[in-house]
Amino acid sequence: MIGMSFKDVPKQMTCLFPGLGWLLEFLLFFSLQTFEKLLIANRGEIACRVIKTCKKMGIKTVAIHSDVDANAVHVKMADEAVCVGPAPTSKSYLNMDAIMEVIKKTRAQAVHPGYGFLSENKEFARRLASEGVTFIGPDTHAIQAMGDKIESKLLAKNAKVNTIPGFDGVVKDADEAVRIAREIGYPVMIKASAGGGGKGMRIAWDDEETREGFRFSSQEAASSFGDDRLLIEKFIDNPRHIEIQVLADKHGNALWLNERECSIQRRNQKVVEEAPSTFLDPETRRAMGEQAVALAKAVKYSSAGTVEFLVDSSKNFYFLEMNTRLQVEHPVTECITGLDLVQEMIRVAKGYPLRHKQADIPINGWAVECRVYAEDPYKSFGLPSIGKLSQYQEPLHVPSVRVDSGIQQGSDISIYYDPMISKLITYGSNRAEALKRMEEALDNYVIRGVAHNISLLREVIIHPRFVQGDISTKFLPEVYPDGFKGKCFWLKCEKHEISVKNSSSVCFFFRIPIAKSKQSSWELSVRLGDGIYPVAVSKDGSSFSVEVDGMKLNVTSEWNLASPLLSVTIDGTQRTIQRLSRNASGDTSIQFLGTVYKLQILTKVAAELSKYMPEKAAEDTSSILRSPMPGAVVAVSVKPGDMVSEGQEICVIEAMKMQNSMIAAKTGKVKAVHCKAGDTVGEGDLLVELE
């Protein structure tokens, strides 16, 4: 719930302050004079993460928050907390004037920016320096040089770092974008010069997509970074995204802390990360690390930073960008190296030299991180979901699990901020062990009140291609070309084999409606999707015998319906099931192996009678356009009476700083428009009607 937690973790898995006893580590912290008070210019899990280390170092902390974050976990964790404005980021977490006032008021000596928001804003770093406040990060020169993708690419070339072919200047307009794209050769990547985090990026395969990509990328870049400049470069098809963590001080020392594999992405944003990578051999790892350090030294970099590369199937690697901040996925590096990167950043900012040499940096074991988002994975691999966390329980009882989060039961997930719930990290002596622990952790993670992507994460980490290490940034669209549909099981018997999507025989082991207390056998009918399955259940002591489609199973469990987690043993195999809901009509919802299944469990008689119940007619969705997610209307392109063609843009919805084009499902005349630019809409809200 709060920051990071560990249980039954080996020494190298502690990730924070390893190698020394807690008492010795405590004394070490206090023997180093750093700062008395530090302000965290961020929110959520990363603010909690920084506060955690500051507490260990004896540094008092100041949290900032928007009015809607007044009861957030990071606010409660900090020694002091001050509101800096209303919910919109431009008026709160990006409000430099308000944050500078808080720094003066609280007399904070240093600021840790976390990631996102002002973490790579050179003007913010400059203003801090002018007030004599230490910025926990690199100096303004490095932020400027590496934050501008155009300048950073030129610097990388001069530092003998491999770069992607492309246009090194600023693209002025859509016409110039098309001309440049033709010269480079399709496909091309259009991206924000000052961008990061997958925002302001579009892949274009032809002139039309280039024009559209230029428009959306420039709008997203302006919204997210206040800078709409774009660049264009060759798109490396089917690459891996592998990054090198670097750490440098103010005395000319720099290290590379091995790599992170970040190829599992959706919309250019990472979903699953791990360290090390299955793909790199020692020679390639060293070459990438040495180039990353060369770039850091070229800009006199001092702090933790990340150099990102695209790596092709022949292990050729190309500089992508350098993030001059703490990276979201830094925990996996901490797990395999034993370093606390936040502590190292604070020490460097105070002027201390690095404590380690390159030969000291190990790869101990394997770590995997899953980004748990409040998203519906069945919609474009994850469209945002908002709501209140009615129930929340982290899987901290699972060995070697770390959870970095900034929420708790009762927290609100809003449209204003990134939909990340937490970062779930597991560690093992090898990759197989780390992945097995991740399976267990995901199965035991209880999240209610919002949609979440655990079903997608669970399927990714057990997919044969992922397990074999056969991945690229195209993994999700290649494995799920028609979109993610959830788990698919096969029920087998001697005479036939039935495909059941979103199903499992274990879906039937729940309280049975209209059952007498002393009854020991039941004949049931289970409706699942379009299928109806007869199920025979008999009780023998504490176990059940279940027969479905000619297949007999023995099920045992100590039922505790007050708990959201049900531990069930099926023919000797232990499984964890989450019971989400059940009503008097037999409608039951469960979560199994990450996927949610909706089914109806009825007695045989009730099932026969249910056939006579009228079914609600399905809505004709071809003539209406509903919002697929909560968000804000950025633009409306039509008005009543307009003729539109199939696939034509109707409006643009922005959610969590990502813009999404809503298109017409058919050709027709616009009957009514129910939204306007600036409106806030919810999932399912009616936007436009066609005749």
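Residues numbered from 1 in each chain as written. Predicted model: local features only at pLDDT ≥ 70, side-chain atom pairs only at ≥ 80, totals over all residues. Heavy atoms only, no water.

The name an unreviewed UniProt entry gives the protein is Propionyl-CoA carboxylase alpha chain, mitochondrial, with Buteo japonicus as the organism. Taken from UniProt, the Cofactor (unreviewed entry) comment for the protein reads in full: "biotin". (UniProt positions renumbered as here; feature names shortened; annotations may be inferred.)

K.L.:
I'd like a description of the overall build of the protein, backed by residues and values.
P.N.:
Within the protein, the regular secondary structure consists of 17 helices and 41 strands. Within the protein, residue pairs in contact and separated by at least 24 positions form 63% of the contacts whose partners lie at least 6 positions apart. Carbon and sulfur atoms form 50% of the exposed surface of the protein, whose accessible area is close to 28,700 Å². (Helix = DSSP H or I, 4+ residues; strand = E, 2+ residues; numbered from the N terminus. Contact = heavy atoms within 4.5 Å. Areas by Shrake-Rupley, 256 points an atom, 1.4 Å probe, with all protein chains shown as cover.)

K.L.:
Residue-level account of the environment of Glu233, with values.
P.N.:
By the element assignment, Glu233 lies in strand β9 (residues 230-234). Take Glu233: its relative accessible area is 5%, and that puts it in the buried class. For Glu233 and Phe167, which are 66 residues apart along the polypeptide, the C-alpha to C-alpha distance reads 5.9 Å. Leaving out residues up to four positions away in the same chain, Glu233 has contacts with Lys153, Ile164, Pro165, Gly166, Ile184, Val188, Met189, Lys191 and Leu320. A distance of 2.7 Å separates polar atoms of two side chains, one belonging to Glu233 and the other to Lys191. (Buried < 20%, exposed > 50% of the residue type's maximum accessible area, 1.4 Å probe, protein only. Polar contact = N/O pair within 3.5 Å; in protein donor to acceptor, adjacent residues only side chain to side chain.)

K.L.:
Report on unusual backbone geometry, specifying residues and quantitative values.
P.N.:
Excluding glycine, most residues fall at negative phi; most peptide bonds, likewise, are trans. The residue after Tyr186, namely Pro187, is reached through a cis peptide bond having omega 0 degrees. Positionally, Pro187 belongs in the loop between α8 (174-184) and β7 (188-196). Looking along the chain, the bond that leaves Ala275 and enters Pro276 is cis, with omega of 0 degrees. With respect to the helices and strands, Pro276 occurs in the loop between β12 (269-275) and α10 (282-298). One non-glycine residue with positive phi stands out, namely Lys300, at about 55 degrees. Note that Lys300 resides in the loop between α10 and β13 (303-311).

K.L.:
Explain the packing of helix α2 (residues 44-57) against helix α12 (residues 341-350) to me, using residue names and the numbers behind them.
P.N.:
Between α2 and α12, the least distance of the axes is 9 Å, while the angle of their chain directions is 65 degrees. Of the possible angle classes, the one that applies to α2 and α12 is roughly perpendicular. Crossing handedness for the pair α2 and α12: right-handed. Residue-level contacts link Arg49, Val50, Thr53, Cys54 and Met57 of α2 to Leu341, Val342, Gln343 and Ile346 of α12. (Axes fitted to C-alpha atoms, helices over the stretch in contact; angles between N-to-C directions. Parallel < 35°, antiparallel > 145°, perpendicular 65-115°, else oblique. Left-handed = near helix turned anticlockwise from the far one by under 90°.)

K.L.:
Got a sec to walk through the sheet that holds strand β27 (residues 531-540)? Specific residues and values, please.
P.N.:
Hydrogen bonds between backbone groups are what pair the strands of a sheet, and the pairing can be parallel or antiparallel. In spatial order, the strands read β26-β27-β28-β29-β30-β31-β32-β33; together these eight strands close into a barrel with antiparallel pairing. Strand-to-strand twist of the sheet, defined as the mean angle between neighbouring strand axes without regard to direction, takes the value 35 degrees. (Pairing = 2+ DSSP bridges.)

K.L.:
Go over α12, please, and point to the residues and values.
P.N.:
Burial analysis of α12 places nine of its ten residues in the buried class, which makes it a mostly covered element. Three or more residues of α12 are buried, namely Leu341, Val342, Gln343, Glu344, Met345, Ile346, Arg347, Val348 and Ala349. Capping of α12 at its N-terminal end is provided by Asp340; its side-chain oxygen lies 3.1 Å from the backbone amide nitrogen of Val342. In the segment just after α12, Gly351 is the residue with positive phi, at about 105 degrees.

K.L.:
Hey, could you go over the packing of aromatic side chains for me, with residue numbers and the actual values?
P.N.:
This structure, assessed with the given rule, holds eleven aromatic pairs. Between the aromatic rings of Phe381 and Tyr480, the centroid separation amounts to 6.4 Å while the plane-to-plane angle is 55 degrees, which identifies the pairing as tilted. Taken as a pair, Phe381 in the loop between β16 (375-376) and β17 (383-384) and Tyr480 in the loop between α16 (475-479) and β24 (488-492) lie far apart in primary sequence, 99 residues in all. Tyr480 matches Phe381 in its accessibility class, with the two residues each being buried. A network of ring pairs unites the aromatic residues Tyr93, Phe117, Tyr416 and Tyr417 as a single cluster. (Phe/Tyr/Trp six-rings, centres within 6.5 Å; stacked < 30°, edge-to-face > 60°.)

K.L.:
Tell me about the sheet that holds strand β4 (residues 110-112), and please be specific about residues and values.
P.N.:
Taken in spatial order, the five strands make up an open sheet running β3-β2-β1-β4-β5, and their pairing is parallel. This sheet does not close on itself; its edge strands, each paired only once, are β3 (80-85) and β5 (134-135). Relative to β4, strand β1 (residues 37-40) runs parallel, the two sharing three bridges. Bridged to Leu38 within β4 is Ala110.

K.L.:
Account for the side chain of Glu439, with residues named and values stated.
P.N.:
Mapped onto the fold, Glu439 is located in helix α13 (residues 431-443). Sequence-distant contacts of Glu439, defined by excluding residues within four places in its chain, comprise Arg458, Ile461 and Ile462.

K.L.:
Could you give an account of the nonpolar core, with specific residues and numbers?
P.N.:
In terms of nonpolar packing, the biggest core is built from 38 residues, with Ile264, Val272, Ile421, Leu424, Tyr445, Ile447 and Phe466 touching the most fellow members. Among the elements of the structure, β12, β15 (366-373), β20 (401-405), β22 (420-428), α13, α14 (454-462) and α16 are those that each provide at least two residues to this core. Here Tyr445 is in contact with Val372, Tyr392, Gln393, Glu394, Pro395, Val403, Ile421, Ser422, Leu424, Ile454, Gln578 and Gln591, once residues within four sequence places are set aside. Listed in part, the 35 residues of the second largest apolar core include Met57, Ile59, Leu341 and Met345. (Core = buried A, V, L, I, M, F, W, Y, C linked by side-chain atoms within 4.5 Å.)

K.L.:
Any chance you could break down the pairing of strand β26 (residues 521-528) for me, citing the residues and the numbers?
P.N.:
Relative to β27, β26 runs antiparallel, the two being bridged by eight bridges. Bridging across to β27, Glu523 finds its partner in Ala536. A loop of two residues connects β26 with β27, the two strands running antiparallel in sequence, and Gly529 in this loop sits at a positive phi of about 60 degrees.

K.L.:
Pulling in residues and values, what's your account of the pattern of salt bridges?
P.N.:
Counted according to the given criterion, the structure contains 43 salt bridges. The closest approach of N and O atoms between Glu683 and Lys379, which form a salt bridge, is 2.5 Å. You can see Glu683 sitting in the loop between β40 (680-681) and β41 (686-690) and its partner Lys379 sitting in the loop between β16 and β17, a full 304 residues away along the chain. Residue class for Lys379 comes out partly exposed when judged on its relative accessible area of 26%. When the shortest N-O distance is used, the salt bridge between Asp404 and Arg402 registers 2.9 Å. Here the two residues Asp404 and Arg402 agree in accessibility, since each one is buried. Shared partners join several salt bridges into a network, and the residues in it are Glu243, Arg260, Lys270, Glu273, Glu308, Glu329 and Arg371. (Salt bridge = Lys/Arg side-chain N within 4 Å of Asp/Glu carboxyl O.)

K.L.:
So what's going on with empty space enclosed by the protein? Which residues, and what values?
P.N.:
One pass over the structure, following the stated rule, counts two cavities of 30 Å³ or more. Considering only enclosed or pocket space, the second largest cavity measures out at about 40 Å³ in volume. If you trace the second largest cavity, you find it lined by Lys149, Lys153, Lys191, Leu231, Glu233, Phe319 and Leu320. Of all the secondary structure elements, the ones that give two or more residues to the lining of the second largest cavity are α7 (149-158), β9 and β14 (317-323). (1 Å grid on protein atoms, 1.4 Å probe; cavity = no way out; pocket = protein on both sides within 12 Å on 5 of 7 lines; lining within 4 Å. Points joined across faces, edges and corners; volume = space filled by probe spheres on them.)

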